[in-house]
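Chain and residue survey
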Amino acid sequence: MKEFFLHESSLAKDVMEIILETIASDITLSVKTVNSIQFSQSYPPIVVAESFEFYFEEMIKGTVLEGAELIFRESEKHGFFIETIDVD
Amino acid sequence: MEIKIFKDVMMKNNAIGEDNRKLFNEKSVFVLNLTSSPGAGKTTLIESTLNLINKKIKCAVIEGDLYTSRDAERLEDFNIPLIQINTEGGCHLDARQIYHSVKELSLEALDILFIENVGNLVCPAEYDLGEHKRVLIYSVTEGDDKPAKYLNMFQAADLILINKIELAELCHIDLEYVEMEIRRINPSAEISRISALAESTLGSWIQWLNKNIQSKEKQNESRN
């Protein structure tokens, strides 16, 4: 049976790419671990946090993002945004 | 150490969507994104619409479907350019899929391109495909609570077609209440009551299509 992919799946891939590209684009950064990622999104939510985490945790295995805590907060601006990351 | 990113996760899709729209404007083709829940009548509406306009207006259809080509097969007899996108389980079409699909079309030969999205009242709301107008087909058999439950979809629509109106009484649906609910959630959307199976109810829909096609042609003439 084929799996049904929610849009959280494709957004998880985009988030991973955006963060890894950001880290790679700054040669002054030497990131060993990403401790946490802070997101904001409008209400009604664009992603269901639990579903997003499910796909994201699978995708980031073996990268510096593995194990990062995902923090979601509500924002008035419409959309789904990556705000900040905390790194070592 | 904190690193500021402040990026919209939808930016990749939105950028491609904007490129698609520029291309559609250059080619002067009016593009519609048809959305609804599964079974609300998107394909039936396209069939009835093609019956009414296909001889006068040059049409093409992109069919989005999870796995099958059943909807596209229903449209084969119209002999129009027809592209099937199977999302292989994906819950929506995205701008990248449309970008690749339209390469197979002679856009300059078209007046209108219908994009039938995957039947889903959640995810397609967030994905700009590059369309000019988004149409939501909402059938009375779904009940009168859907505008309140699926805010994003109803807010994102430019035109909301209340479909299967011949079943309203059987389904205990008060069409005045349904329209009031829609207007409460999206005051700027145009609303029309239709039965996709009865071409006699599609007059205002066809007028709306013609108005938008003519508007697109005028924009292109003024640019040239």
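Criteria and cut-off values
Residues numbered from 1 in each chain as written. Chains lettered and ligands numbered in written order. Predicted model: local features only at pLDDT ≥ 70, side-chain atom pairs only at ≥ 80, totals over all residues. Heavy atoms only, no water. Contact = heavy atoms within 4.5 Å. Buried area = accessible area lost by both parts, 1.4 Å probe. Salt bridge = Lys/Arg side-chain N within 4 Å of Asp/Glu carboxyl O. Polar contact = N/O pair within 3.5 Å; in protein donor to acceptor, adjacent residues only side chain to side chain. Helix = DSSP H or I, 4+ residues; strand = E, 2+ residues; numbered from the N terminus. Nonpolar A, V, L, I, M, F, W, Y, C, P; charged D, E, K, R; others polar. Pairing = 2+ DSSP bridges. Buried < 20%, exposed > 50% of the residue type's maximum accessible area, 1.4 Å probe, protein only. Arc of directions from axis to C-beta. Expected span 1.5 Å × (residues − 1).

The partner chain A presents 29 residues to the 24 residues of chain B that form the contact. Summing the contributions of chain B and of chain A, the shared interface buries around 2,400 Å²; its carbon and sulfur component is 63%. Contact with chain A buries area across many residues of chain B, yet Ile 3, Ile 5 and Val 9 of chain B alone supply 27% of it, more than any other trio. For the interface between chain B and chain A, the tally reads 2 salt bridges. Residue Lys 12 of chain B pairs with Glu 17 of chain A through a salt bridge whose shortest N-O separation is 2.8 Å. The tally of links between chain B and chain A comes to 10 residue pairs in polar contact (both at pLDDT 80 or more). When residues of the side of chain B that touches chain A are traced back to their parent elements, those giving at least two are strand 1 (2-8), helix 1 (11-26) and helix 6 (151-156) of chain B. Considering every element that reaches the side of chain B that touches chain A, the biggest residue donor is strand 1 of chain B, with 7 residues. Grouping the amino acids of the side of chain B that touches chain A by side-chain chemistry returns 13 nonpolar, 4 polar and 7 charged. Pairing geometry for strand 3 (residues 80-87) of chain A and strand 1 of chain B, over 5 bridges, is antiparallel.

All names here are of chain B. Along helix 7 (residues 175-185), the positions that sit buried rather than exposed are Leu 175, Val 178, Glu 179, Glu 181, Ile 182 and Ile 185. With its buried residues spanning 160° around the axis, helix 7 presents them on a single face. For helix 7, the exposed residues lying more than 90 degrees away from the buried face are Glu 176, Met 180 and Arg 184. Residues of helix 7 that are buried sit in contact with strand 6 (133-139), helix 5 (146-149), helix 6, strand 7 (159-163) and strand 8 (190-193). Two or three places before Glu 176, at the opening of helix 7, Asp 174 has a side-chain oxygen 3.0 Å from that residue's backbone nitrogen.

Residues and elements named next belong to chain B. Compared with an ideal rise of 1.5 Å per residue, which puts 16 residues at 22 Å, helix 1 spans 23 Å between its outermost C-alpha atoms and is within 8% of the ideal. Those residues of helix 1 that sit buried are Asn 13, Ile 16, Gly 17, Asn 20, Arg 21 and Phe 24. In a view along the axis of helix 1, the buried residues occupy a sector of 145°, so they form one face of it. Buried positions along helix 1 lie against strand 2 (30-36), helix 4 (95-101) and strand 5 (112-116). Taken from the residues just after helix 1, Ser 28 is the one with a positive phi, measuring 55°.

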